[in-house]
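Below are the chains, spelled out letter by letter.
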Amino acid sequence: MRELVLMAPMQIKKHLGIGNIYDLVLCDFYTKARRSCGNETFFPLLINVNGSPLEKLLAKDPSADVDKIVAELSNEAKRYGVDAIFVLRDDLDVKVKDLGVADTRCMAPVNECTKCGAIYGSDPGIQTCKHCGALTHYGKRPTLAINVRHSVMSRNFERAQYIPSKVKNRLVDYAMSLPEEYSLVLEKRRRHTLQYENFDLDPRFVAIGLLKVAEAKVGNAEKITCVCGDLVKKFLYYIFAYSNGKDSILPNTIITHGTITDAEHKKLRWQDADGGFSPDVFGITGQELRTFFITSSAMKNIVISKNSLLSNAIKMARLRKRMESLMLAGCSDTNIISELVSRECSAFDEAIEKWRFPAAYKAVENFVNECERIQATRLLSAREHHSLNFFYNLYFQ
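The shown structure was predicted, so the numbers you read here are calculated from the model rather than taken from an experiment. Counting from 1, residues in each chain are numbered in the order their sequence is written. Local features in this predicted model are restricted to residues of pLDDT 70 or higher, and side-chain atom pairs are both shown and tallied only at a pLDDT of 80 or more, whereas totals for entire chains, interfaces and linings draw on every residue. For the side-chain quantities, the full set of heavy atoms in the structure was used; hydrogens and water were omitted.

A. Spatial organisation of helix 11 (residues 357-375). Its 19 residues place the ends of helix 11 27 Å apart at the C-alpha level, agreeing with the 27 Å of an ideal helix rising 1.5 Å per residue. Each residue's exposure class comes from its accessible area (1.4 Å probe, protein chains only) as a fraction of the maximum for that residue type: buried when under 20%, exposed when over 50%, partly exposed otherwise. The numbering of helices and of strands both runs from the N terminus, where a helix is a DSSP run of H or I of at least 4 residues and a strand a run of E of at least 2. Restricting attention to buried positions, one finds in helix 11 the residues F357, A360, Y361, A363, V364, F367, V368, E370, C371 and I374. Check the buried side of helix 11 and you find it contacts helix 1 (18-35), helix 8 (286-294), helix 9 (306-328), helix 10 (339-353) and helix 12 (382-396). In a helix, the anticipated span is given by 1.5 Å times the number of residues less one. Should any heavy atoms of two residues lie within 4.5 Å, those residues are considered in contact.

B. Just the packing of helix 11 against helix 12, in detail. Axis lines are fitted to C-alpha atoms, over the contacting stretch for helices. Their N-to-C directions set the angle, which ranges from 0 to 180 degrees. Their axes nearest at 11 Å, the elements helix 11 and helix 12 cross at an angle of 140°. Between helix 11 and helix 12, the angle is such that the two are oblique. The interaxial crossing formed by helix 11 with helix 12 has left-handed handedness. Side by side, helix 11 and helix 12 meet where A360, Y361, V364, F367 and I374 of the first sit next to E384, S387, L388, F391 and Y395 of the second. Here the nonpolar group is Ala, Val, Leu, Ile, Met, Phe, Trp, Tyr, Cys and Pro; Asp, Glu, Lys and Arg are the charged ones; every other residue, Gly included, is treated as polar. For the contact of helix 11 with helix 12, a count of residues per class yields eight nonpolar, one polar and one charged. Roughly parallel means an angle under 35 degrees; roughly antiparallel, over 145; roughly perpendicular, 65 to 115; everything else is oblique. In this scheme the crossing of two helices becomes right-handed for a clockwise turn of the near helix relative to the far one and left-handed for an anticlockwise turn of less than a right angle.

C. Fine view of the sheet that holds strand 5 (residues 87-89). If DSSP finds at least two bridges between two strands, the strands pair. Overall, parallel pairing links the three strands, which are arranged 2-4-5 in an open sheet. Two strands in the sheet have a free side with no partner beyond their single neighbour: strand 2 (10-11) and strand 5. One ladder, built from two bridges, connects strand 2 with strand 4 (residues 45-48); its direction is parallel. By the bridge assignment for strand 4, M10 is matched with I47. Against the sheet, helix 3 (residues 66-78) engages strand 2, strand 4 and strand 5, with an angle of about 145° to strand 5.

D. Representation of unusual backbone geometry. Note the cis peptide between I163 and P164, where omega equals -5°. Mapped onto the secondary structure, P164 falls in the loop between strand 8 (161-163) and helix 5 (166-176). Although it is not a glycine, E197 sits at a positive phi angle of roughly 55°. Inspection of the secondary structure assignment puts E197 in the loop between strand 10 (195-196) and strand 11 (199-200). Of note in this structure, W355 is not a glycine but carries a positive phi near 60°. Considering the arrangement of structural elements, one finds W355 in the loop between helix 10 and helix 11. When its relative accessible area of 2% is taken as the criterion, W355 is described as buried.

E. Fine view of the sheet that holds strand 7 (residues 136-149). In spatial order, the strands read 6-7-9; together these three strands make up an open sheet with antiparallel pairing. With one partner strand each, in any of the chains shown, strand 6 (105-113) and strand 9 (181-185) form the two edges of the open sheet. Between one strand axis and the next, the sheet turns through 60° on average, direction left out of account. Summarising the sheet, strand 7 and strand 9 pair through five bridges and their orientation is antiparallel. The residue bridging N147 from the neighbouring strand is S183, located in strand 9.

F. Molecular detail of the packing of aromatic side chains. What counts as a ring pair is set by centres within 6.5 Å for rings of Phe, Tyr and Trp (its six-membered ring), and what kind of pair is set by the plane angle: stacked under 30 degrees, edge-to-face over 60, tilted for all other angles. On inspection of all chains with the given rule, the structure shows 16 aromatic pairs. Seen from their ring centres, F367 and F391 are 5.1 Å apart, and the 70° between their planes marks the pair as edge-to-face. In this pair, F367 sits in helix 11 while F391 sits in helix 12, placing the two residues 24 residues apart along the sequence. Here F367 falls in the buried class, since its relative accessible area comes to 0%. One aromatic cluster is present, built from ring pairs that chain together F29, Y30, W355, F357, Y361 and Y395. Lying across the ring of Y238, R204 places its NZ or CZ 3.9 Å from the centre. Only when the NZ atom of a Lys or the CZ atom of an Arg is both within 6 Å of the ring centre and within 35 degrees of the ring normal do we say a charge sits over the ring. Over the ring of F86 we find K217; its NZ or CZ atom is 5.2 Å from the centre of that ring.

G. The nonpolar core, seen in detail. Put simply, buried Ala, Val, Leu, Ile, Met, Phe, Trp, Tyr and Cys residues joined by side-chain atoms within 4.5 Å make one nonpolar core. In this structure, L24, L289, F293, I304, F348, W355 and Y395 are the most contacted members of the largest nonpolar core, which totals 71 residues. No other element matches helix 1, which puts 10 residues into this core. Apart from the residues lying within four places of it in its own chain, the contact partners of F293 are I18, I21, Y22, V25, L26, I260, I302 and I304. Formed by 52 residues, the second largest nonpolar core is a distinct cluster that contains L6, A175, Y196 and F205.

H. Spotlight on the environment of M153. Take M153: it is sitting in helix 4 (residues 150-158). In this structure, the C-alpha to C-alpha distance between M153 and S243, residues 90 residues apart in sequence, is 9.5 Å. Look past the residues within four positions of M153 in its chain and what remains in contact with it is V148, Y237, F240 and A241.

I. Quick peek at the pattern of salt bridges. Here, a salt bridge means any side-chain nitrogen of Lys or Arg that lies within 4 Å of a carboxyl oxygen of Asp or Glu. In the structure shown here, the tally under the stated rule is 22 salt bridges. Among the salt bridges present, the one from R2 reaches E40, with a minimum N-O distance of 3.2 Å. With R2 in strand 1 (residues 2-7) and E40 in strand 3 (residues 40-42), this residue pair connects regions lying 38 residues apart in the sequence. On the accessibility criterion, E40 (41% relative accessible area) is partly exposed. Here R204 ties to D202 by a salt bridge, and the two come within 3.5 Å at their closest N and O atoms. Three or more residues joined by partner-sharing salt bridges are found here, namely D28, K32, D83 and R290.

Next comes the structure, spelled out in structure tokens:
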């Protein structure tokens, strides 16, 4: 099976934040683990440059080199063991001709500021501009828009599998809070975005276009897995809305993970003066932060504290030493495999597919226990040794 793993396009910035690191590590780990089942699994790094991310970056540093920053973000991700198969940017890799906007030109209601021209879609509820404070004007005019209908959205929602299942209910509830049928305006006044004729395209629409570019680059993906945090309204809903039932990029599996909190269970937003995050502040390495993430429950909020991180680092160091001892002992040239070893490998694969990372880690622990028991009477077989090497590289390389 060919599977494409996608996360919400990451906004360009000088350094990765803790949330970016968490998303990247989860997607990278899942991608590599799925390959053990014989799947062709691909994980690209998608970067949102257009719109407000670039405006904010250039406001702070007018001489910022975007190409260099993107390269540094990719290199920084490698500190946490993340190996994206390729990097895509919405400002370079998305082409207007591939967005299908030619047939969206129409007369539709648009709400826009009478002074600065900021566009607030087709929502008449916003009467004062959030940027300059002037009054807005709501009326029909030529624009680019998609007609969104609940019936189409509902059918699309049914196509996907959701982990956890309650995410589907959140999508449905949000859709039901909107009009039964409305025009989704694709136009947004931004300094940095793609243009079609005289219209500036909504950077959010362009960024989601990266998913289609990634799918085309991989080609014929039988499974498309979208992974994100609390972005049901900002990301997941608009994947379905923008596709309008026409695109093949609609995900068939949607994963939403919990947030990262501090010891007081408040959302962790810690960052340094440059807007980045470093695990050094907790006295651990990037690799140790990765193992903390991939052995924790992705479906729950994760509490980060110095004690929890150090405790996990010690636990994982012990397991690493045991695995290295087993590998150094070598193996025979046979392909036999213990029934218990086979069972734990299957348990690992099943847990990964369901995003139950603590259960996957428990299967690896049981696997190592069984390998040590086997080695007391014989060498590991080549097949058992191969699985041992795979698990070691997955968790520690």
